[in-house]
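Next come the chains, spelled out residue by residue.
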Amino acid sequence: MHEITDHPAFAFDRAEGGVEAYRHTANGLTVLLAPDPSGEAAPPVAAFQVTYRVGSRNEGAGLTGATHLLEHLMFKGTDRFNREKGTSVFQTLQSIGGSINATTWYDRTNYYAVLPEAYLPLAVEVEADRMRGARVSDEDLASERTVVLNELDRGENEAFRKLLHAVFASAFHAHPYGHPVIGWRSDVETVTASGLRHFYDTYYWPSRATASVAGRFDRRAVLDLLDEHFGAIPRGPETAPEAEPLADIVDSVTREPEQRGERRTSVRMAGELGSVLLGYKAPPGLSETSDALDVLVQVMTAGKSSRLFRRLTDRGLTTSAFAYYPRLRDPGLFLLYGNLAADVEHAEVEAELKAALAEIASGGITEAEMERARRQVIADEAYGRDGPHAIVAQLNEAIAVGDWTLFTRYRERIEAVRAEDVQAAAAAIASDDRLTVGHYLPDPS
């Protein structure tokens, strides 16, 4: 039974799976509370996170990488919290034992802190201050640009990352998923502080944000805190005041035209062993098929009884092989990867990867495979609830896909998947006309 907290500044929306959702009545800030059910017996630790519904999906030409670069600049400070005063975000929150960081992805950006419960007010104050108070200066951009370019250079030396970027760029000609989350180098080199400021002023508002709190805390006190620090911030320029509670904003993002034919790309760079990456067009992360695709990943990848291990690695064709399905807000890719063993040709591994998917599409999976995969997915979900940070991290991904209840309903959804659903999901994506093939060609010289 959930304990619903009446608060004059927040409208209660719903409660399920240990999470309570509220919405600030003045500015639309969504709040998710996941109190530790142990109550006073819980460790005195809390996690606080703000997720912005903005990622590389929202970047246009000339601004690729803006989300990631802005994430870096958000740590450079505000007039109140900054390094010159000895009060930067890191200095302020690490000095009280907090663990803080931020991440960027295709569909979201998040900032989080895990800290002693007593200092939760400080984390709320810091995040509210930089929601609208970030300086985003030319000087700070110059220093962080160097950091990001170094990060980009390190990625340029990783064959898998290069191949992944090449496959996404070939698979998506119009949708922003075609450019890397870190951005194209020329954009990172040339973006201006005013360009990032415009990006910040477009997306960093309460109506595009969700504040999540997990661990031990007092509900009423947290809602008071959130209202005190976020309540006076205007809702932002993009959401109508009459928007339905917790409704997601439908962004204006170019739709990817239907792919009509196989696409191929290759990456040649220093290395010893090649690899193959197949990207099949796949449905968005909230579709019913997406649950079956999560199970399909396990059937193909988990352990030495998996389809890819038995078909490829156990036969000496690859040193490793796996499937990966990132659940994205818009239609994305279902990926199959094989790292070639010595003296094995790309064509052979490519054919075997295709055959592994086609075999399931035509013949299905066994009940034993189904049960094993389902247990693994459910176990992974349970591990994702282990502690305040794990909970806000899982909520973060569900928010990014477009519905936080994906976190609370995930186990139920996976338990409903049947073997025939997995076969149908494999059949739905296994089309060469919607496939992008990538080869990494090692250059020993």
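Residues numbered from 1 in each chain as written. Predicted model: local features only at pLDDT ≥ 70, side-chain atom pairs only at ≥ 80, totals over all residues. Heavy atoms only, no water.

- As recorded in an unreviewed UniProt entry, the protein chain goes by Peptidase M16 and comes from Rubricoccus marinus.
- Comment text from UniProt for the protein chain, heading Cofactor (unreviewed entry), reads "Zn(2+)". (UniProt positions renumbered as here; feature names shortened; annotations may be inferred.)

**Examining the pairing of strand β5 (residues 99-104)**
Argument step 1. Here β5 shows a clear split, with Ile-100, Ala-102 and Thr-104 buried on one side and none of Ser-99, Asn-101 and Thr-103 buried on the other.
Argument step 2. Bridge analysis of β5 against strand β6 (residues 109-116) gives 6 bridges, and the strand direction is antiparallel. Opposite Ala-102, over in β6, you have Tyr-111 as the bridge partner.
Argument step 3. Once β5 ends, the chain turns through 4 residues before running back antiparallel as β6. (Buried < 20%, exposed > 50% of the residue type's maximum accessible area, 1.4 Å probe, protein only. Helix = DSSP H or I, 4+ residues; strand = E, 2+ residues; numbered from the N terminus. Pairing = 2+ DSSP bridges.)

**Things to note about the domain arrangement of the protein chain**
Where interface size is quoted, it is often the accessible area lost as the parts come together.
Argument step 1. Along its sequence, the protein chain is carved into domain 1 (10-231) and domain 2 (263-443).
Argument step 2. Distance between the C-alpha centres of domain 1 and domain 2: 28 Å.
Argument step 3. Across the boundary between the two partners, domain 1 contributes 43 residues, which contact 40 residues of domain 2.
Argument step 4. Summed over both sides, the interface between domain 1 and domain 2 buries roughly 3400 Å², with carbon and sulfur atoms accounting for 71% of that surface.
Argument step 5. For the domain 1 face of the interface with domain 2, the top three residues by lost area are Glu-16, Leu-163 and Val-167, together amounting to 16%.
Argument step 6. Counting across the interface, domain 1 meets domain 2 through 3 salt bridges.
Argument step 7. Put simply, Arg-108 and Glu-397 hold a salt bridge, and the shortest N to O gap is 2.7 Å.
Argument step 8. Counting across the domain 1 and domain 2 interface gives 14 residue pairs in polar contact (both at pLDDT 80 or more).
Argument step 9. Elements with a minimum of two residues in the side of domain 1 that touches domain 2: β1 (10-16), β2 (19-24), β3 (30-35), β4 (45-52), β6, α5 (159-171) and β7 (209-215).
Argument step 10. Per-element accounting of the side of domain 1 that touches domain 2 gives the leading share, 10 residues, to α5. (Domains from an automatic or database assignment. Contact = heavy atoms within 4.5 Å. Buried area = accessible area lost by both parts, 1.4 Å probe. Salt bridge = Lys/Arg side-chain N within 4 Å of Asp/Glu carboxyl O. Polar contact = N/O pair within 3.5 Å; in protein donor to acceptor, adjacent residues only side chain to side chain.)

**Regarding the confidence of the model for the protein chain**
Argument step 1. Counting all residues, the mean pLDDT for the protein chain is 93, and 96% of those residues have values of 70 or more.
Argument step 2. Throughout residues 240-250 the model reports pLDDT below 50, and contacts reaching past four residues in sequence, or to other chains, amount to 23 contacts. (pLDDT = per-residue confidence, 0-100.)

**Quick word on the sheet that holds strand β11 (residues 332-340)**
Argument step 1. In space, the 5 strands of this open sheet follow the order β8-β12-β9-β11-β10, with mixed pairing throughout. Looking at the sheet topology across the chains shown, the edges are occupied by β8 (263-270) and β10 (318-324). Taking each pair of neighbouring strands and ignoring which way they run, the sheet shows an average axis angle of 15 degrees.
Argument step 2. By the bridge criterion, 8 bridges tie strand β9 (residues 275-282) to β11 in an arrangement that is antiparallel. Its bridge partner being in β11, Ser-275 is matched across the sheet by Asn-339. (Axes fitted to C-alpha atoms, helices over the stretch in contact; angles between N-to-C directions.)

**Let's talk about the nonpolar core**
Argument step 1. Counting 60 residues, the largest nonpolar core has Leu-296, Met-300, Leu-308, Phe-334 and Leu-336 as its most contacted members.
Argument step 2. Both domains that meet at this core, namely domain 1 (10-231) and domain 2 (263-443), each give it at least three residues.
Argument step 3. Setting aside anything within four residues of it in sequence, one finds Leu-296 in contact with Phe-334, Leu-357, Ile-360, Val-422 and Ala-426.
Argument step 4. Core analysis: the next-biggest nonpolar cluster, separate from the first, contains 57 residues, Val-54, Leu-69, Leu-73 and Met-131 among them. (Core = buried A, V, L, I, M, F, W, Y, C linked by side-chain atoms within 4.5 Å.)

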